[in-house]
Amino acid sequence: MDSGAGEPDVDRSDRSTVSEARFASLMETAADGIVVIDENGIVLAFNKSCEALFGFAAGDVIGRNIKIIMPPRYADDHDGYISHYRETGEKRIIGIGREVSGRHSDGTVFPVELSVGEAMTPIGRQFIGILRDLRPRKQVEQRLSHLQAQIMHMTRLSAMDEMGAAVAHELNQPLTALMLYLQTVMRHARSTGGTGMDPDRLVAILEKARAEAERAGGIIQRMRHMVEKRDPERSHVDLSQIVNEAIDLAAFVAQGSTVAIRRSFPKEPVMVDVDPIQIQQIVMNLLRNAVEVAKDSPGKWVSMAVRQDGDSALVVVEDSGPGISAEQSQTLFRTFSTTKKTGMGLGLAISRSIAQNHGGDLGLDPGGDGRGARFILTLPIGDGLSGNNTTGD
Ligand code: ADP
């Protein structure tokens, strides 16, 4: 009945009443907050959703400066933004949706998505802001990232669990060597009554014993880092170094099989801003998968290379296995995609999501035709500024 403009017998003032009524009903019913201000920042309209969002009645806000719903640190700059736009025409927010902070009447500051449009009206320029509460989305994001961290932790634990026997074997070597060096010193001490051993020889043996103890300690420390539950922490580190350590740790798995692990690192460091443990988790996942297929292949090799390509740091993992079919490569990075009897199909999915969280990616060259799979981890070269710790790990 109120279709307005199309009806010939509705005169001008009726039409404006109709459009005002439409505007009012839009303001009343919109799920998003809508606020209209003039070019001095004075609030002209403040809808129901805004009232709920900010805890102010429209009557308390209309006629006042919009700064009332902004936290002080933004409010102070707001007049400046409007006059900057008036003078230069340069748009900093108009036409662009952006995450900003809002202030509730009780003083709570919370994230809102704001998009601003501009309208020229007979009474001057007006800005229309559409606001959406971002707290529910943030909570979901936080829960997801917490869950993701838990899954990552669990997959690291299970990887370490699988490696248990190999690690015990690895630890046994330095501990046995340490025992032998100490026995040698003890035997000499007994037979000579504590004297007569050449001091240089004694120091050399003790030094070897110390180095073995350090090796054993290093293995335990790296294992502990892997299974520790902790918040991700980025450091400015040499990618070659952390990849090398991850290979050392995962290479125990290859022991006993005859798979040769070839390493290729550039002379210059390849600096990245990453959480070293998470990146090592990716490298270990890729290496374990590669060793598993390579050990049943005629070639029996895995190659691990680090290199820099422009602004990107790359880790390339290749194997002598059968490669991956085009069909399987479609679903490979999805969760629970596995061909193994005891596999979870989480390794590659988690690895890709870690890589993407670091601003990088994990991709696949499927191989085939006698070539094995080639996985390529890409990470941005780091300037040391985006890490929360730039001292290395
Ligand atoms: P899982 O190891 O638990 O199966 P992943 O996500 O690490 O989980 O791997 C998913 C699947 O991808 C594996 O089951 C395997 O079929 C395939 N795959 C991974 N790496 C390789 C590789 N280097 N060569 C051939 N197939 C691979």
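Remember, predicted model here, so these are calculated numbers, not experimental data.

Q: Hey, could you go over the pairing of strand β5 (residues 124-133) for me, with residue numbers and the actual values?
A: Bridge count for strand β1 (residues 33-38) against β5 is six bridges, and the pairing is antiparallel. Along β5, the bridge assignment pairs V35 with G129. Two elements, strand β4 (residues 109-121) and β5, share 10 bridges in a ladder whose sense is antiparallel. Opposite E118, over in β5, you have F127 as the bridge partner. Two successive antiparallel strands, β4 and β5, enclose a turn made up of two residues.

Q: Help me get a handle on the nonpolar core, residues and values and all.
A: Judged by nonpolar contacts, the single largest core of 49 residues is most densely connected at L239, I279, V302, F375 and L377. It is helix α9 (residues 276-294) that provides the largest number of residues to this core, a total of 10 residues. Discounting residues that sit within four places of it in the chain, I279 has contacts with L239, I242, V274, I354, H358, L377 and L379. Membership of the second largest hydrophobic core comes to 25 residues, among which are I68, I94, F110 and F127.

Q: A description of unusual backbone geometry should follow, citing residues and the corresponding values.
A: In terms of backbone geometry, most residues other than glycine have negative phi values and most peptide bonds are trans. Here K300, not a glycine, exhibits a phi torsion of approximately 55 degrees, which is positive. The residue K300 is located in the loop between α9 and β9 (301-309) in this model.

Q: Hey, could you go over the side chain of S49 for me, with residue numbers and the actual values?
A: You can see S49 is positioned in helix α2 (residues 48-54). According to the relative accessible area criterion, S49 is buried, its value standing at 16%. Here the side chain of S49 touches A30 through a polar contact of 2.6 Å, landing on its backbone oxygen. Every residue in contact with S49, bar those within four places of it in the chain, is listed here: A30, A31, D32 and G33.

Q: Please set out a nonpolar patch on the surface residue by residue, giving values where relevant.
A: Where nonpolar side chains cluster on the molecular surface, the patch consists of V140, L144 and L147 and spans about 270 Å² of accessible area. By the secondary structure assignment, L147 is in helix α5 (residues 135-162). For L147, a relative accessible area of 44% puts it in the partly exposed group.

Q: Hey, could you go over the pattern of salt bridges for me, with residue numbers and the actual values?
A: For the coordinates displayed, the defined rule picks out 15 salt bridges. The partner of E28 in a salt bridge is K48, with the nearest N and O atoms 4.0 Å apart. In this pair, E28 is assigned in helix α1 (residues 12-29) and K48 in helix α2, connecting sequence segments 20 residues apart. You can call E28 partly exposed: its relative accessible area is 47%. On the basis of relative accessible area, K48 is assigned to the partly exposed category, the value being 43%. Here E318 and R374 are joined by a salt bridge, their closest N and O atoms 3.2 Å apart.

Q: Before we move on, could you go through the site of the ligand and cite the residues and values that matter?
A: Looking at the ligand, there are 19 residues lining it, with D319, T338, T339, K340 and L348 nearest. Here D319 contributes a side-chain N or O atom positioned 2.8 Å from a nitrogen atom of the ligand. Contacts to the ligand include G347, whose backbone N or O atom sits 3.3 Å from an oxygen atom. If you list the elements that add at least two residues to the shell around the ligand, you get α9 and α11 (347-357). When grouped by side-chain class, the residues that make up the shell around the ligand number eight nonpolar, nine polar and two charged.

Q: Would you mind going over the environment of A159 in detail, with residue names and values included?
A: Following the sequence through the fold, A159 ends up in helix α5. On a C-alpha basis, the gap between A159 and V227 in space is 9.3 Å, while along the polypeptide they are 68 residues apart.

Q: Explain the sheet that holds β5 residue by residue, including any values.
A: Taken in spatial order, the five strands make up an open sheet running β2-β1-β5-β4-β3, and their pairing is antiparallel. Each edge of the sheet is formed by a strand with only one pairing partner; in this case those strands are β2 (43-46) and β3 (97-103). Averaged over all adjacent pairs, the angle separating strand axes in this sheet is 30 degrees, with direction ignored. Summarising the sheet, β1 and β2 pair through three bridges and their orientation is antiparallel. Bridge assignment links I37 to a residue of β2, and that residue is V43.

Q: Summarise the environment of L53; cite the residues concerned and give the values.
A: One can find L53 in helix α2. A relative accessible area of 12% means that L53 is categorised as buried. Spatially, the C-alpha atoms of L53 and D32 are 9.2 Å apart, while their sequence positions differ by 21 residues. Residues in contact with L53, not counting those within four places in the same chain, are H104, F110, V112, L131, D133 and R135.

Q: Break down the packing of aromatic side chains for me, citing the residues and quoting the values.
A: Applying the stated criterion across every chain, the model contains four aromatic pairs. Judged by centre distance (5.6 Å) and plane angle (45 degrees), the ring pair of F54 and F110 falls under tilted. Here F110 lies in strand β4 and F54 lies in helix α2, a separation of 56 residues in the sequence. Accessibility classification places F54 together with F110 in one group, the buried group. With centroids separated by 6.3 Å and ring planes inclined at 75 degrees, the aromatic side chains of F333 and F375 adopt a geometry described as edge-to-face. On the criterion of sequence distance, the pair formed by F333 in the loop between α10 (326-331) and α11 and F375 in strand β12 (residues 374-380) is long-range, its members being 42 residues apart. This pair shows no difference in class: F333 is buried, exactly as F375 is. Chaining the aromatic ring pairs together yields one cluster made of F46, F54 and F110. The ring of F110 is capped by R135, whose NZ or CZ atom sits 4.1 Å from the centre of that ring. One cation-aromatic arrangement involves R352 over F333; the distance from NZ or CZ to the ring centre is 3.7 Å.

Parameters at a glance
- Residues numbered from 1 in each chain as written.
- Predicted model: local features only at pLDDT ≥ 70, side-chain atom pairs only at ≥ 80, totals over all residues.
- Heavy atoms only, no water.
- Pairing = 2+ DSSP bridges.
- Helix = DSSP H or I, 4+ residues; strand = E, 2+ residues; numbered from the N terminus.
- Core = buried A, V, L, I, M, F, W, Y, C linked by side-chain atoms within 4.5 Å.
- Buried < 20%, exposed > 50% of the residue type's maximum accessible area, 1.4 Å probe, protein only.
- Contact = heavy atoms within 4.5 Å.
- Polar contact = N/O pair within 3.5 Å; in protein donor to acceptor, adjacent residues only side chain to side chain.
- Patch = residues over 30% accessible without salt bridge, like charges linked within 9 Å, V, L, I, M, F, W, Y side chains within 5 Å.
- Areas by Shrake-Rupley, 256 points an atom, 1.4 Å probe, with all protein chains shown as cover.
- Salt bridge = Lys/Arg side-chain N within 4 Å of Asp/Glu carboxyl O.
- Near = heavy atom within 4 Å.
- Nonpolar A, V, L, I, M, F, W, Y, C, P; charged D, E, K, R; others polar.
- Axes fitted to C-alpha atoms, helices over the stretch in contact; angles between N-to-C directions.
- Phe/Tyr/Trp six-rings, centres within 6.5 Å; stacked < 30°, edge-to-face > 60°.
- Lys NZ or Arg CZ within 6 Å of the ring centre and 35° of its normal.

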